[in-house]
Amino acid sequence: MQNNLLILISLLIILSNIFLLGSSRTGAMIRGIAFQGVLLSLLPLFLPSESVRILDIIILAVLSIAIKGVIIPHYLRKVTRNIRTKKELHPYLGYSVSVIFGLLVSYGSFYFIGKLPFMYLSISPFNTSAAFASMIIGMFIIATRRNIIAQIIGYLVFENAGFILGISIASSQPLFIEIGILLDLLAGIVIMVVAVNHIHLYFDNVNTDSLERLNK
Amino acid sequence: MLYPIFIYLASLVLTGALSAAFYRNHRFSKYFAAVSNAILSLIMLVFLINRFDSFHDEVFKTIWSLPMAEFHVGVDFLSLFFMIPLLILAAACSIYGSEYFKEHRSGRFHWFFYGLLVAGMMMVLISRNVVLFMISWEIMSFSSFLLVISEAQKESVRRAGWIYFVTAHVGTAFLLTAFFLLGSGAGSFNFELFGLVPFEVAKSNLIFIFALAGFGFKAGFIPFHVWLPLAHPAAPSHVSGLMSGIMIKMGIYGILRVLMFFTSYQTWWGILLVIIGASSGIIGILFAVGQHDIKRLLAYCSVENIGIILIGLGLGVLGRAWDYPLVSMFGFTGALLHIVNHALFKGLLFLGAGSVIRQTGTGEIDSLGGLFKKMPMTGSLFLAGSIAVSGLPFFNGFISELFIYAGAITGAVASAGSIMPMVCALAVMALALTGGLAAAGFTKLFGIVFQGNSRKTDISSAVDVPSMMKLGMIFLSVFLVFIGMMSFLVIPFIEKPMLLLSGEAASPFIYQLSDIGEKVSILLVALLILMIIIFTVGKIFRRKTVTDVETWGCGYTKPASSMQYTSSSYAEPITSQFGLVLAARKELQSDNEIFPVKPWSFRSSVEDWFLSRVFIWFVKLIDRILSLLRWFQCGRAGVYVLYIGCIIIILFIWKFVL
Amino acid sequence: MIINIIISTAAALVFSPLLIGIINKTKAFFSGRRGSPFFQMYFDLYRLLKKDAVRSGTTTIVFILAPVIVFCCTLAAAVLIPISPGTGIISFTGDFVLLFYLLGLARFFLIISALDTGSSFEGMGASREAFFSAMAEPVVFISILTILRLNGTTSFTDALGGGGAGNWIIISLATVPFFIVMLAENARIPFDDPNTHLELTMIHEVMILDNSGRGLALMEWAASIKLWLFSLIIVRIILPGSVLSFLLTFVIAVIIGIVESVIARTTLLKIPQLLFSAGIIAFLGFFLSFSKIFVWS
Amino acid sequence: MKESSLIIKYNKSNPTSKVPLLGEDVFRKKVLEMTRGGGRVNSFFSAENDNEDLVLYLIISYDARGETHALSMKVENKAFKSLTNEDTQFHLFEREIYEQSGIRPLGHPWLKPVRFPGGNAGEMDFFKIEGREIHEVAVGPIHAGIIEPGHFRFQCHGETVYHLETSHGYQHRGIEKKLTGGPYRDTVYKMGVIAGDSTVAHSTAYAQIMEAFTRTAIPARAQAVRAIALELERCANHIGDIGALSGDIGYLSTSAYCGRIRGDFLNMSALLCGNRFSRGLVLPGGVGADIDDDIREQLAARLEAGKKDFLSAASLLWETPSVLARFDSTGIISAESAERIKMVGPAARACGIERDVRRDHPSGYYHLSYIPVSTSEMGDVSSRAYVRWLEVQESIKFIEKLLAELPVGDSGRETGTNLKPDSITVSLIEGWRGELCHTALTDGTGRFRRYKIVDPSFHNWLGLALAMRGGQISDFPVCNKSFNLSYCGFDL
């Protein structure tokens, strides 16, 4: 049953990745990433835990739900509300193409991870392959979306994948490392948000195309 | 069995020649050729079906004076099986054509070439030697080419003919390579020897690829379909019926024949066949949906159906390669049955399209409409063909698709590993999507052409077609319903050719085929009875129906025929959603002003980029290569004589010295 | 056998209009209204069956035959679904193809009867229906393949008629796309709005705009039977072993009502995307049904 | 040149003789100069003068300066050179002039009747796009919803609309013609039903005209009641529209709740005067019903409740992603197009154009109290709904404020029927659909020589057609509803 839940979470992570790739509005993307954040935070609760203290895990889960599921999405939403280009994203690559790419990457990573002898993992290879796919999809989002909010979300997806890999490879590591990573992340996002707000002061939208204009 | 075939062939050519000789009396020569053609084919058909059960392979050999050739013919169940649709269609199309084809300049040899085309296909089916096969193949290609350019005064027809000619011969080149490889492996050019030698894997792969490409140009699956949507509309309708119905199947026959040369199949052949079939099916039907011309739509639909057949073949090959006899059995059965079914309904549809064009003078879907009331018989038969081609129950298209589905389902469910289920799921998805899109395409065709009110073309004086044409179509539609409702009676004809392809491992499961057929028949008959009951009950407890009212138009009092959906509009959601595949274009010419001061105009099109980009690019490439050989051409007659002499000497050396 | 057929037919005919009533009641509840009675659709059908009809002068025999064909084909498809464990009336390899192609035949006639009227509205609906159903079919079939794999059978009615349920994750991955397609095929929100009066936005309703009297009754009834059919399939997928699982169709109706209450209908342009995403979920489920990674865990 | 137009004083009658009567060339030059300088045509119509010569009157206003000017032009040979090619905002006025008086605007790019002058409803030559593939969709005059009759003709290919033409006139009642020689006893009731959902706005405009002609100053309390009624009318209609919009996209909760809340607001109007649509509330000289303390308290309480209900029902709308996705980018009209055809009201404000008569040309209580102009930027259905949502909140705030500071005094006085002869006056009111303009000219005996009404729908119908171009035909209902224009206000 526990294993099933782990797989369900990974599945939902994959689906949320695909949702992110296919959604055309920043609002939807933020909801998607919040959902993903909450899912991720639940992940440590279902890990086989011999060496880790249960309290540590609960602290980690609560903290990461707070940061990934509440604080960061809240900030992002605030930014989108301040700058009124919440509407369509108009990516470089179309939604259908992105979704198909996401699918291929997910299936590919199933296949790829299935070939690797990851016997020392404390987590099922299914989760690992989900993380692997997330990593690539995150980079893909960063590369193909114009909107800076979407790019931040891409970064978050990337980061989330790291989180999964982190807890799966090093579940016996001290709690502090994870919390440190979380706080780093939070700081990064806050800085970005501030930056976006500033960019907004000078440019009328958050289209990164306008940053390219700085060159000229 | 062979002697009747010889007699049939000879009399075909003879009646054709006689009709050309008596051409001074148009009507007589036309009816003479067409009717005798039909009668001959029917006699042959009855004979064949009669003998089917007690049939054994027959071979006939005689030494022939051509180098490397032996006059070697034979019939087995595969050839016999292909003869059934050929004969049915030859009969139906010639009855129909007797009334349809109007006399004009090039008409003299029309029926001769028609007979020659049928004879050529027959020859292809019985040839057992490469040279004989290629000669028959060329007779078939050349006579059909001449039939296509029947109306050569039109520019579009000449272009179509040219492209057909070029593609046919590119295909021949591939075929020759494949046969050369086969022959060099077997040390002979006789088919019976090909099957005896086991080929090494690399070589058999190579042979498969070349044969697939070579026969692909005839079968017309993507990407070798470029000639098909041009040639079918250009040809007279009964010829397009024959070409689309059975001639392109000769390509499939060729592939099957080549497959039979191998004792073991490679997995990737099956995968390749399924992938080509799936893409051919989906892209073909998408292009069909985007067409504006009836016959072009039907031509692209043939591409789709060839795709479906290939999916079946691919599953059959996969089943054999992976040792799943059930998959192989269902796949090959479905493919073979679909070959017959497609011949029947596509023949019917082309004949129906011909009737529409003949009676209204146009094949432009968007200018037609409301023909059902004027041509009820053609309309009903066309509707039957449309339902059949969409693969829906009660008609034959359903049964064959069901078997292909069954193959894919069995493969997807029963197998371990991950490649087989994926391929099978791909097959199921492709079949489902093509089925749905075909329904969209043919509701568009039937709905716009036959229903509603007439659009741009005046149809007030249109009447239904003469009885000979009706007869040809009714003849085909009888088979549609018969196979659709009583498929278990037809299945015995498929079992033997199927066993040739799928191997004896499938024979224990063969009962499943007619089992499925019977179950479907029971259900459909019950359903039909239910429909009749409900309809009759409705008739008995009749209520008053007022019919002298207009269609609801939101209370607007002056409706016009322009307030109907057009076929192009009907297809627009599909063409724009798949715009990337179809290279769909919409052009609105407008002044983009708030008030339309100047007239605006609109047109849309889908572009077959396989033709306009890939194929033309390919031809240019070849042209560039060949231009390197231009020094060969010097224009002096003496030099050409020298060339011919050289070739003769080379041939002599090959035949007698080597 | 005969008794089974009678039971399934009776269930399809009798319960299907009730589903519509439940959906409407649920929607009314969510928007704070009392709503029409549960049995409203029965009254409507009765009233329509009694009525005389008006038929456009443009139409042909197709228009007269279509309601009967649509009704009978839909009913036959519904009867194929076993209503309790182990009682499929006919089962063979690929029986679901017959089932869905019967629905396809019904749709074919629905579409051409719509085009028969020569109206731009009906053409509009026909065009949409033809496209969206073509997109929906592969999704359903992949979901069914997953279920067949779980049950290790090639007959869908056998799989629905009982046998072992599989892993619940995979089952839900097969059911969700089915549910989405059910909404699409039955003209529910977010694909179509069954309650709208706006012809330009309709899909299903606009095609039967010119039907009246008995023809309309049969069309409406067929539509509700189709809903019954889909919801029955879903409950049989979820609970194959239970005799009373058909009662769960009413729960499905409530869920549909809730879905319709909380989301708006989408723009027509997005419908292919929605179906596409349903297909992704279906394919994921199918993939997991044989993926090695899954077996390991 | 400055003196060649008359600056209209609101609420005052202005002698017709002061309106400069120009020759065609001077007029043309002057008018184009004014429109280029930001002038917006409020009304442009033909009238007969004493010698039964046809004269064209033009009412034009500068929103930025809050000025309204009047000029007139002598027509010779029943024709003049069309101004439409220079400035699009004239096009419908010129077509109407042609239809009503037979004066032909030469060179008009799209000269066809505005309604059905021949009396044969439905006879209209529609623009057609050439090509076999285009199909036409004819919608109306009878619609499936309970709305007024009007015909829409789409030129479509598939789901895409390339051109939309609206055809009006099914509601033509000849109101303007019947007013000539007035005011009559029933005129005030006629004003109430020009557009049944804008009763207060039209009645107020008429009342102001009558007050100007009779030089009646009305008490502040009556002005306040009028303003409250006008804002209540705005609230009710906007709320109804938001409900109808969500109904069109199948979002039932908001639809049902807003439908009820609209009823609540209509009942507030009923509380005020006994009629849910405020018929008979606004009378020349004052208002037909006063607000006593009891009503005031009840109104405040109901307003509070209605506000709460509305905020929760409508914020449900803005928080549902599927709704936003449906509204966003649907039926976009660009700010340039909107400015070019001089759209008015919420539809214009949804394109980011700050145009509001209550601010630009205030009259009555709006002199004293200011309502912020609510705008949005995208020009799509979402923006039009959003502007309505903002406006309802502003209106409620305004009503609350007014109820709190309701001036004391009586609720009106008699205006009498002695209208000042040979005068012209203009009344501009921001109805809930946008600016409506009443212009009245009196003859030598103090009767109406011409009474011209311009409903906001007159400015905006073309906007709907432009918003649909290149859009999806399935978006039309929701797009149409987001404009929610009046048919009878247009047809008159």
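Residues numbered from 1 in each chain as written. Chains lettered and ligands numbered in written order. Predicted model: local features only at pLDDT ≥ 70, side-chain atom pairs only at ≥ 80, totals over all residues. Heavy atoms only, no water.

**So, the overall build of chain B**
The following threshold applies: The numbering of helices and of strands both runs from the N terminus, where a helix is a DSSP run of H or I of at least 4 residues and a strand a run of E of at least 2. With the radius of gyration taken over C-alpha atoms, the globule rule is written as 2.2 Å times the number of residues to the power 0.38. The contact definition used throughout considers only heavy atoms, calling two residues in contact when any of these lie within 4.5 Å. Areas reported here follow the Shrake-Rupley algorithm with a probe of radius 1.4 Å; residue values treat only the protein chains shown as occluding. Only four residue types enter the charge count, namely Lys and Arg as positive and Asp and Glu as negative; His and the chain termini do not. To locate a charge, take NZ of a lysine, CZ of an arginine, CG of an aspartate or CD of a glutamate.
If you tally the helices and strands in chain B, you get 25 helices and five strands. Rg of the C-alpha trace for chain B: 26 Å, near the compact-globule value of 26 Å for 658 residues, within the 12% margin. Judged by the C-alpha coordinates and their principal axes, chain B covers about 90 × 65 × 55 Å. Taking contacts inside chain B between residues at least 6 apart in sequence as the whole, the part at least 24 apart equals 79%. Of the roughly 23800 Å² of accessible surface on chain B, 68% is carried by carbon and sulfur atoms. Of note, chain B has its 44 positive side-chain charges centred 7 Å away from the centre of its 33 negative side-chain charges.

**Some details on the overall build of chain A**
Under the convention used in this document: Exposure categories follow from relative accessible area, calculated using a 1.4 Å probe and restricted to protein chains: below 20% of the type maximum is buried, above 50% is exposed, and the middle band is partly exposed.
Of the regular secondary structure elements, chain A holds eight helices and zero strands. Looking at chain A residue by residue over its 216 residues, the buried ones come to 50%. Across chain A, contacts joining residues at least 24 apart in sequence account for 78% of those joining residues at least 6 apart. Surface exposure of chain A reaches about 9800 Å², of which carbon and sulfur atoms provide 68%.

**What to know about the layout of surface pockets**
Put simply, the test is: Site definitions follow a grid-based scheme: protein atoms alone, a 1 Å grid, a 1.4 Å probe that fits but cannot get out for cavities, and for pockets an open set with protein on both sides within 12 Å along at least five of seven lines, plus lining residues having an atom within 4 Å of a point. Grid points are joined across faces, edges and corners, and a volume is the space filled by probe spheres set on the points. Gly falls in the polar group here, along with every residue not listed as nonpolar (Ala, Val, Leu, Ile, Met, Phe, Trp, Tyr, Cys, Pro) or charged (Asp, Glu, Lys, Arg).
A volume near 1200 Å³ is recorded for the second largest pocket. Looking at the second largest pocket, it is lined by 49 residues, and the ones nearest its centre are H197(C), I146(D), I147(D), A244(D) and K481(D). Looking at the lining of the second largest pocket, the element that brings in the most residues is helix 6 (residues 220-248) of chain D, giving seven residues. Tallied by class, residues from the lining of the second largest pocket come to 19 nonpolar, 19 polar and 11 charged.

**As for unusual backbone geometry**
In this structure, the amide linkage connecting I222(B) to the following residue, P223(B), adopts the cis form with an omega of 10 degrees. Residue placement: P223(B) occurs in the loop between helix 8 (201-219) and helix 9 (228-234). Note the cis peptide between I189(C) and P190(C), where omega equals 10 degrees. Take P190(C): it is sitting in the loop between helix 7 (168-185) and helix 8 (213-238). Positive phi is not limited to glycine here, since N77(D) has a value of about 60 degrees.

**Some words on the sheet that holds strand 15 (residues 435-442) of chain D**
All names here are of chain D. Operational definition: At least two DSSP bridges between two strands are required for those strands to pair. Here the axes come from fitting lines to C-alpha atoms, over the contacting stretch only for helices, and the angles between their N-to-C directions go from 0 to 180 degrees.
The sheet built from four strands is open, its strands ordered 2-14-15-16 with antiparallel pairing. The sheet is open, and its two edges are formed by strand 2 (14-15) and strand 16 (448-454), each paired on a single side. Taken together, the two bridges between strand 2 and strand 14 (residues 423-430) define a ladder with antiparallel strand orientation. Across the sheet, residue P15 finds its bridge partner in strand 14, namely S423. Its contacts with the sheet put helix 5 (residues 199-214) on strand 14, strand 15 and strand 16, and the angle it makes with strand 14 is roughly 150 degrees.

**Things to note about the sheet that holds strand 10 (residues 151-157) of chain D**
Residues and elements named next belong to chain D. As summarised here, the arrangement of the three strands in space is 9-10-11, forming an open sheet in which the pairing is antiparallel. Both outer strands of the open sheet, strand 9 (135-139) and strand 11 (160-167), are each paired with one neighbouring strand and no more. The average undirected angle you get between the axes of adjacent strands in this sheet is 20 degrees. As paired strands, strand 10 and strand 11 are joined by seven bridges and run antiparallel to one another. Residue F152 lies in a different strand from strand 11, and its bridge partner there is T166.

**What about the pattern of salt bridges?**
All names here are of chain D. Formally: Take a side-chain nitrogen of Lys or Arg and a carboxyl oxygen of Asp or Glu: if they are within 4 Å of each other, that pair is a salt bridge.
Applying the stated rule across the entire model yields 55 salt bridges over all chains. Linking K128 and E136 is a salt bridge whose minimum nitrogen-to-oxygen distance equals 3.1 Å. Given a relative accessible area of 2%, E136 falls into the buried group. Of the charged contacts, one joins R388 and D241 as a salt bridge, the two residues approaching to 3.1 Å between their closest N and O atoms. Taken together, the residues R388 in helix 13 (residues 381-404) and D241 in helix 6 connect sequence positions 147 residues apart. Each member of the pair, R388 together with D241, is buried. One connected set of salt bridges, linked through shared partners, spans E231, R234, R349, D356, R358, E391 and E430.

**A short note on empty space enclosed by the protein**
Residue and element names in this part refer to chain D. How we decide: Start and end points for every domain follow an automatic or database-based domain assignment.
Summed over the entire model, instances satisfying the criterion amount to 16 cavities of 30 Å³ or more. As for the largest cavity, its lining consists of 27 residues, of which H91, L92, R95, W461 and L462 are closest to the centre. For the lining of the largest cavity, the secondary structure elements donating two or more residues are helix 2 (91-101), strand 11 and helix 14 (456-468). Residue contributions to the lining of the largest cavity peak at six residues, all from helix 14. For the lining of the largest cavity, a count of residues per class yields 15 nonpolar, seven polar and five charged. Residue-level mapping places the lining of the largest cavity at the junction of two domains, with at least three residues from each of domain 1 (2-106) and domain 2 (175-491).

**Thoughts on the interface of chain B and chain D**
To be explicit about the condition: Accessible area, probed at 1.4 Å, shrinks when two parts are joined; the buried area is that loss added up over both. Polar contact is defined as a pair of N or O atoms within 3.5 Å, subject to the rule that within protein one atom must be able to donate a hydrogen and the other to accept it, and that residues adjacent in sequence are counted only when both atoms are side-chain atoms.
Contact with chain B, which involves 34 residues of that partner, is made by 39 residues of chain D. For the chain B and chain D pair, buried surface summed over both sides reaches about 3200 Å², with 61% attributable to carbon and sulfur atoms. Here chain B is connected to chain D by two salt bridges. E593(B) is the salt-bridge partner of R340(D), the closest N and O atoms lying 3.2 Å from each other. In this assembly, chain B and chain D are joined by 18 residue pairs in polar contact (both at pLDDT 80 or more). Those elements that place two or more of their residues in the side of chain B that touches chain D are helix 22 (567-577), strand 4 (585-589) and strand 5 (601-605) of chain B. A breakdown of the residues in the side of chain B that touches chain D according to their chemical character gives 14 nonpolar, 11 polar and nine charged.

**Things to note about the confidence of the model for chain A**
For clarity, the threshold we go by: As a per-residue measure, pLDDT tells how confident the predictor is, with possible values from 0 to 100.
Taken as a whole, chain A shows an average pLDDT of 74; of its residues, 66% reach a score of 70 or greater. Per-element mean pLDDT across chain A ranges from 50 in helix 8 (residues 209-212) of chain A up to 88 in helix 2 (residues 26-42) of chain A.

**Observations concerning the environment of A313(D)**
Here A313(D) lies in helix 8 (residues 293-319). Filtering out sequence-adjacent residues up to four positions away, A313(D) remains in contact with T254(D), Y257(D), C258(D) and I261(D).

**Description of the packing of aromatic side chains**
For clarity, the threshold we go by: Pairing of aromatic rings covers Phe, Tyr and Trp, the last through its six-membered ring, and needs centres within 6.5 Å; plane angles under 30 degrees mean stacked, over 60 mean edge-to-face, and all others mean tilted. By definition here, charges over rings are those cases where NZ of Lys or CZ of Arg is within 6 Å of the ring centre and within 35 degrees of the ring normal.
Tallied over the full model, the rule gives 91 aromatic pairs over all chains. Each member of the aromatic cluster is reached from another via a ring pair, and the members are F398(B), Y405(B), F96(C), F100(C), Y101(C), F141(C), F156(C), F178(C) and F230(C). Lying across the ring of W137(B), K218(B) places its NZ or CZ 5.7 Å from the centre. When the ring centre of W110(D) is taken as reference, the NZ or CZ atom of K112(D) above it lies at 4.7 Å.

**Notes on a negative patch on the surface**
So the rule is basically this: By definition, no residue in a patch forms a salt bridge, and every one has over 30% relative accessible area; like charges are joined within 9 Å, nonpolar side chains (Val, Leu, Ile, Met, Phe, Trp, Tyr) within 5 Å.
Taken together, D292(D), D293(D), D294(D) and E297(D) make up a surface patch of like negative charges. Note on placement: D292(D) falls in the loop between strand 13 (286-287) and helix 8.

**Regarding the packing of helix 5 (residues 120-151) of chain C against helix 7 of chain C**
Residues and elements named next belong to chain C. Rules: In these notes the angle categories are as follows: under 35 degrees is roughly parallel, over 145 is roughly antiparallel, 65 to 115 is roughly perpendicular, and the rest is oblique. Handedness of each helix crossing follows the sense of rotation of the near helix against the far helix: counterclockwise by less than a right angle gives left-handed, clockwise gives right-handed.
Running from amino to carboxyl end, helix 5 crosses helix 7 at an angle of 155 degrees, the nearest separation of the two axes being 9 Å. Accordingly, the angle class assigned to the pair helix 5 and helix 7 is roughly antiparallel. For the crossing formed where helix 5 meets helix 7, the hand is left-handed. From helix 5, S133, A136, V139, V140, S143, I144, T146, I147 and L150 reach across to helix 7, where they touch I170, I171, A174, P177, F178, V181 and E185. Residue composition of the contact of helix 5 with helix 7, by class: 12 nonpolar, three polar and one charged.

**Focus: the interface of chain B and chain C**
Contacts between the two partners involve 77 residues from chain B, matched on the other side by 77 residues from chain C. Summed over both partners, the interface of chain B with chain C comes to about 6300 Å²; 75% of that surface belongs to carbon and sulfur atoms. The tally of links between chain B and chain C comes to zero salt bridges. Our count for the chain B to chain C interface comes out at 21 residue pairs in polar contact (both at pLDDT 80 or more). Breaking the side of chain B that touches chain C down by element, the ones donating at least two residues are helix 15 (371-374), helix 16 (376-389), helix 17 (396-414), helix 18 (419-450), helix 21 (511-540), strand 3 (545-549) and helix 22 of chain B. Tallying contributions element by element places helix 18 of chain B first for the side of chain B that touches chain C, with 17 residues. Of the residues assigned to the side of chain B that touches chain C, the class counts are 46 nonpolar, 23 polar and eight charged. Here three bridges tie strand 3 of chain B to strand 1 (residues 53-56) of chain C, and the two strands are oriented parallel to one another. In the strand pairing of strand 1 of chain C, T545(B) is matched with A53(C).

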